[in-house]
Amino acid sequence: MDSRTYDALYGPARTTPPPRRPGVVLLSAVLWLLTSLSVSWLCFLVGMTALWGAAAGAPVGGLLLCCFAVLCVGAGMFVAVCRAPAVRRMSGDARSLLLGALACPVPLVLAAAAWFSIG
């Protein structure tokens, strides 16, 4: 159908954006905030441990290599989930909530365990 004919019969096509759900957005923001805080705490902890170990003359290459390998594997799995067709078809709010829920638990548990074990 010619677009001018459609416009003449029905008026110009208007797409309405999906409604924003503030609860989903707020929950997603909280999950991503917890994730970023816990990951930054773990990065700080690994960095300080490597710095103190290097200052003491201890080999720190194994620790850094292990942390780097875990980070790469986790990032690869997260990107694979992000690229899944079912996830890409979701709305932006729901996708952010799902990815935040997948990204949050592991660093949060590791950061809490490190916090309580260090003292």
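Preceding this paragraph is the structure being described.
A. Structural detail: the overall build of the protein. Secondary structure summary: the protein contains six helices and zero strands in total. Tracing the protein from N to C terminus, the helices and strands come up as α-α-α-α-α-α. A globule of 119 residues ought to have a C-alpha radius of gyration of about 14 Å, yet the protein, at 23 Å, is considerably larger. Reported as C-alpha extents along the three principal axes, the dimensions of the protein are approximately 80 × 25 × 20 Å. Evaluated residue by residue, the protein yields a buried proportion of 16% over its 119 residues. A sequence separation of at least 24 residues applies to 67% of the contacts in the protein between residues at least 6 apart.

B. Layout of a nonpolar patch on the surface. There is a patch of nonpolar side chains on the surface, built from L26, V30, L34 and L108 and spanning about 320 Å² of accessible area. No other element matches helix α2 (residues 22-56), which puts three residues into the nonpolar patch. If you trace the backbone, V30 turns up in helix α2.

C. Structural context of the side chain of S28. As for its placement among the helices and strands, S28 is situated in helix α2. Excluding residues within four positions of it along the chain, S28 makes contact with S96 and L97.

D. Examining the packing of aromatic side chains more closely. Using the criterion set out here, one finds three aromatic pairs in the structure. Centroid distance W32 to F78: 6.0 Å. Interplanar angle 80°. Geometry classified as edge-to-face. Pair noted here: W32 is in helix α2 and F78 is in helix α3 (residues 61-82), with a separation of 46 residues, a long-range link. Of the residues examined, F78 reaches a relative accessible area of 25% and is grouped as partly exposed.

E. Layout of the state of the cysteines. Within the structure shown, the criterion is met by zero disulfides. Just so you know, C67 is unpaired, no disulfide at all, and the nearest cysteine sulfur is the one on C66, 5.6 Å from it. Judged by its relative accessible area of 28%, C67 falls in the partly exposed class.

F. Examining the layout of surface pockets more closely. Size it by volume and the largest pocket reaches roughly 970 Å³. Lining of the largest pocket is provided by 25 residues; of these, V39, V70, L71, V106 and P107 occupy positions nearest its centre. Listing elements by their share of the lining of the largest pocket, those giving two or more residues are α2, α3, α5 (92-103) and α6 (105-118). In terms of residue count, the dominant contributor to the lining of the largest pocket is α3 (11 residues). Here the residues of the lining of the largest pocket are counted per class, giving 22 nonpolar, three polar and no charged.

G. Spotlight on the packing of α5 against α6. Contact geometry of α5 with α6 gives a least axis separation of 5 Å together with a crossing angle of 35°. For the pair α5 and α6, contact is made by A101, L102 and A103 and by P105, V106 and P107, respectively. When its residues are assigned to classes, the contact of α5 with α6 shows six nonpolar, no polar and no charged.

About the cut-offs
Residues numbered from 1 in each chain as written. Predicted model: local features only at pLDDT ≥ 70, side-chain atom pairs only at ≥ 80, totals over all residues. Heavy atoms only, no water. Helix = DSSP H or I, 4+ residues; strand = E, 2+ residues; numbered from the N terminus. Rg over C-alpha atoms; globule rule 2.2 N^0.38 Å. Buried < 20%, exposed > 50% of the residue type's maximum accessible area, 1.4 Å probe, protein only. Contact = heavy atoms within 4.5 Å. Patch = residues over 30% accessible without salt bridge, like charges linked within 9 Å, V, L, I, M, F, W, Y side chains within 5 Å. Areas by Shrake-Rupley, 256 points an atom, 1.4 Å probe, with all protein chains shown as cover. Salt bridge = Lys/Arg side-chain N within 4 Å of Asp/Glu carboxyl O. Phe/Tyr/Trp six-rings, centres within 6.5 Å; stacked < 30°, edge-to-face > 60°. Disulfide = S-S within 2.5 Å. 1 Å grid on protein atoms, 1.4 Å probe; cavity = no way out; pocket = protein on both sides within 12 Å on 5 of 7 lines; lining within 4 Å. Points joined across faces, edges and corners; volume = space filled by probe spheres on them. Nonpolar A, V, L, I, M, F, W, Y, C, P; charged D, E, K, R; others polar. Axes fitted to C-alpha atoms, helices over the stretch in contact; angles between N-to-C directions.

On their own, these measurements won't tell you what the molecule is for.
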